[in-house]
Amino acid sequence: RGRGHMFLRRCADARGAPRRVVEGTLRVCAAAAAAAASSSRSVSNSAADDVLRTRRTFTDDDCVRFGALTGDANPIHYEDEDAGRAGGGAGSRVKGKVVHGMLSASLFGGLLSSAHPGVVYATQELKFRAPVRVGEEIIAEIKLVKRSGARAKYETVVKRARCGEVCVDGIA
């Protein structure tokens, strides 16, 4: 139960049924909450609540922190010159540092949990179609395509705010 650790506590809900509650604090959680509050992130819903979207611009610092957490030290995320050599073949060049693909895709979980607190995000299929550059505004969007009881299926997409080009898409 030291500082910076999470632990489970057994307690009862309003009807007396036992339940487990995660308690405690993580310094990382506090830092993440502060970063989210100060970011250019905003969540909006469609009138039917079937589409959720957020706008975000990832910074160098975001990539450094994500890389440190995941161990991804690929220089395309940190050096313009290395990013310029990245790409998929003859003549293809990426201009500017590239945001980690999974960092862009991580916005989907935030959208789901902000609209449906306590949701279990169980599966995700992703295709990385184009690089997201550091400093580039993107839009992450999830669209409800199927609901069956407590389960739901969403189309997920990250696209460039400037032109709408799809960078990441998939199904959750």
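Look up a bit, the structure's there.
The present account deals with the structure reproduced in this document. The model shown is predicted, which means the values in this text are computed figures rather than measured ones.

Description of the overall build of the chain
Secondary structure summary: the chain contains five helices and eight strands in total. Taken from the N to the C terminus, the helices and strands of the chain come in the order β-β-α-β-β-α-α-α-α-β-β-β-β. The 172 residues of the chain split such that 28% are buried. Residue pairs at least 24 apart in sequence account for 47% of intrachain contacts in the chain once pairs closer than 6 positions are excluded. Of the roughly 10900 Å² of accessible surface on the chain, 52% is carried by carbon and sulfur atoms.

Quick look at the pattern of salt bridges
Inspection of every chain in the model, using the stated rule, returns 11 salt bridges. The closest approach of N and O atoms between Asp 61 and Arg 65, which form a salt bridge, is 3.2 Å. Of the two residues, Asp 61 and Arg 65 both sit in helix H2 (residues 60–70), four residues apart, roughly one turn of that helix. With a shortest N-O distance of 3.7 Å, Glu 136 and Arg 133 are connected by a salt bridge. Relative accessible area serves as the criterion here: at 11%, Glu 136 is assigned to the buried category. By relative accessible area, which is 24% here, Arg 133 ends up partly exposed.

Points about the pairing of strand E8 (residues 166–171)
Pairing of strand E5 (residues 125–128) with E8 involves four bridges; the strand directions are antiparallel. Looking across to E8, one finds that Leu 126 is bridged to Gly 170. Between strand E7 (residues 151–160) and E8, which follow one another and run antiparallel, lie five residues, and Gly 164 among them has a positive phi close to 85°.

Quick word on H2
Buried within H2 we find Asp 62, Cys 63, Phe 66 and Gly 67. Burial along H2 is one-sided: seen end-on, the buried residues are contained in an arc of 125°. Summarising the geometry of H2, the exposed residues directed more than 90 degrees from the buried face are Ala 68 and Leu 69. Check the buried side of H2 and you find it contacts strand E4 (51–57) and helix H4 (101–105). Two residues or fewer after H2 comes Gly 71, characterised by a positive phi angle close to 80°.

Points about the nonpolar core
Counting residues in each nonpolar core, the largest one holds 21 residues, and the members touching the most others are Ile 142 and Val 158. Contributing elements (two or more residues each) for this core: H2, H4, helix H5 (107–115), strand E6 (137–148), E7 and E8. Aside from chain neighbours lying at most four places away, what touches Val 158 is Ser 104, Phe 108, Val 132, Ile 138, Ile 139, Ala 140, Glu 165, Val 166, Cys 167 and Val 168.

Observations concerning the environment of Cys 167
Within the secondary structure, Cys 167 sits in strand E8. It is 9.0 Å that separates the C-alpha atoms of Cys 167 and Ile 138, two residues lying 29 residues apart in sequence. If near-sequence neighbours (up to four positions away) are discounted, Cys 167 is found in contact with Lys 127, Phe 128, Arg 129, Ala 130, Pro 131, Val 132, Val 158, Lys 159 and Arg 160.

Let's talk about the pairing of E6
In this sheet, E6 lies alongside E4 in antiparallel orientation, the contact comprising seven bridges. Considered in E6, the bridge of Leu 52 is made with Ile 142. In terms of strand pairing, E6 meets E7 through 10 bridges, oriented antiparallel. Directly across from Leu 144, in E7, lies its bridge partner Tyr 154. Hairpin connection between E6 and E7: a loop of two residues separates the two successive antiparallel strands, and Gly 149 in this loop has a positive phi of roughly 65°.

What counts, and at which threshold
Residues numbered from 1 in each chain as written. Predicted model: local features only at pLDDT ≥ 70, side-chain atom pairs only at ≥ 80, totals over all residues. Heavy atoms only, no water. Helix = DSSP H or I, 4+ residues; strand = E, 2+ residues; numbered from the N terminus. Buried < 20%, exposed > 50% of the residue type's maximum accessible area, 1.4 Å probe, protein only. Contact = heavy atoms within 4.5 Å. Areas by Shrake-Rupley, 256 points an atom, 1.4 Å probe, with all protein chains shown as cover. Salt bridge = Lys/Arg side-chain N within 4 Å of Asp/Glu carboxyl O. Pairing = 2+ DSSP bridges. Arc of directions from axis to C-beta. Core = buried A, V, L, I, M, F, W, Y, C linked by side-chain atoms within 4.5 Å.

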